[in-house]
Amino acid sequence: YQYESIDYFIQMWIQFGKPLDNELLSYFHYIYLTNNNPMNDKLERFTTKQGKIFQSGYFESIQCEIITFYCDSIRKGNINTDIKHKLDELIIKETNTKVRYWYHKTMLKLYVFFQDLKSIQEHLHLMVNDTGIKVDSNIYNVIANYFVNRGDLKNLIIFYDNLLHDRTINLGSDIFYLILR
């Protein structure tokens, strides 16, 4: 990442910009929270209780809670199940399908990071049963990263073969995302 460019953009937006949505703010928040990056010292400025970010309501949003949980889990090396259950309860009540989709994708990324296949399967099942949410190739690419990160080409091929057989996805250019990544 070009942290200084991102920080410059955020600071310019704080001074002059229009409101950004919470998903984009959570991305910036993620960059500030990430371990061992040169922006940790700027996190305090990002979270200051003044200015447009605070006024936007982002710090009271579920996106803020999700990204904080995600980064804390990675930093601590485990998933706090109490917070996870609280987020699960909040997301059930969430009416915005875009936010629910983003939550599911973020949780799957977390399980892929921890190489927890059982949790990936359970959360995918939860996502499939979430009305209004479409499990698409972006989600399957996140899950495929589990196999890629483990160097498990055989099960990656089986995974995609099953998806193709069930006509769940049309690989098209999606497979190149994994190869070129």
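Let me begin by describing the structure that accompanies this report. (Residues numbered from 1 in each chain as written. Predicted model: local features only at pLDDT ≥ 70, side-chain atom pairs only at ≥ 80, totals over all residues. Heavy atoms only, no water.)

This part is about helix α9 (residues 137-150). Compared with an ideal rise of 1.5 Å per residue, which puts 14 residues at 20 Å, α9 spans 20 Å between its outermost C-alpha atoms and is within 8% of the ideal. Residue Asp136 occupies the N-cap position of α9, its side-chain oxygen lying 3.2 Å from the main-chain nitrogen of Asn138. Note on α9: the residue one or two positions beyond its end, Gly151, has a positive phi of about 70 degrees. (Helix = DSSP H or I, 4+ residues; strand = E, 2+ residues; numbered from the N terminus. Expected span 1.5 Å × (residues − 1). Polar contact = N/O pair within 3.5 Å; in protein donor to acceptor, adjacent residues only side chain to side chain.)

Moving on to the side chain of Asp136. With respect to the helices and strands, the residue Asp136 is situated in the loop between α8 (117-128) and α9. For the buried residue Asp136, which engages in no salt bridge, the nearest side chain bearing the opposite charge is Lys134, 6.0 Å off. In terms of polar contacts, Asp136 uses its side chain to reach the side chain of Tyr101, at 2.8 Å. (Buried < 20%, exposed > 50% of the residue type's maximum accessible area, 1.4 Å probe, protein only. Lys, Arg positive; Asp, Glu negative; His and termini not counted. Salt bridge = Lys/Arg side-chain N within 4 Å of Asp/Glu carboxyl O.)

We now examine the nonpolar core. As a rule of thumb, soluble globular proteins bury nonpolar side chains together. Of all hydrophobic cores here, the largest spans 45 residues; its most connected members are Leu108, Ile120, Met127, Ile139, Ile143 and Phe159. Those elements that place two or more of their residues in this core are α1 (3-16), α2 (22-33), α5 (62-76), α6 (81-93), α7 (97-113), α8, α9 and α10 (153-165). Of all the elements, α7 adds the most residues to this core, at nine residues. Once you skip the residues sitting within four places of it in the chain, Met127 turns out to touch Tyr101, His104, Leu108, Ile133, Lys134, Val135 and Ile139. (Core = buried A, V, L, I, M, F, W, Y, C linked by side-chain atoms within 4.5 Å. Contact = heavy atoms within 4.5 Å.)

Among the secondary structure elements, Asn138 is positioned in helix α9. Owing to a relative accessible area of 39%, Asn138 belongs among the partly exposed residues under this scheme. When the C-alpha positions of Asn138 and Lys105 are compared, they lie 8.4 Å apart, and in sequence the two are 33 residues distant. In contact with Asn138, not counting residues within four places along its chain, are Tyr101 and Lys105.

Our next topic: the packing of aromatic side chains. Counted according to the given criterion, the structure contains seven aromatic pairs. Note on Tyr27 and Phe28: the rings are 6.2 Å apart at their centroids and 50 degrees apart in plane angle, and the pair reads as tilted. Residue classification places Tyr27 among the partly exposed residues on the basis of a relative accessible area of 34%. You can call Phe28 buried: its relative accessible area is 7%. (Phe/Tyr/Trp six-rings, centres within 6.5 Å; stacked < 30°, edge-to-face > 60°.)

Turning to the pattern of salt bridges, a few remarks are in order. The final tally for this structure, using the stated rule, is seven salt bridges. Across the pair Glu23 and Lys98 runs a salt bridge, and its minimum N-O distance is 3.8 Å. One end of the pair, Glu23, is in helix α2; the other, Lys98, is in helix α7, with 75 residues separating them in the sequence. What makes Lys98 partly exposed here is its relative accessible area of 49%.

Read these as geometric descriptors, not functional statements.
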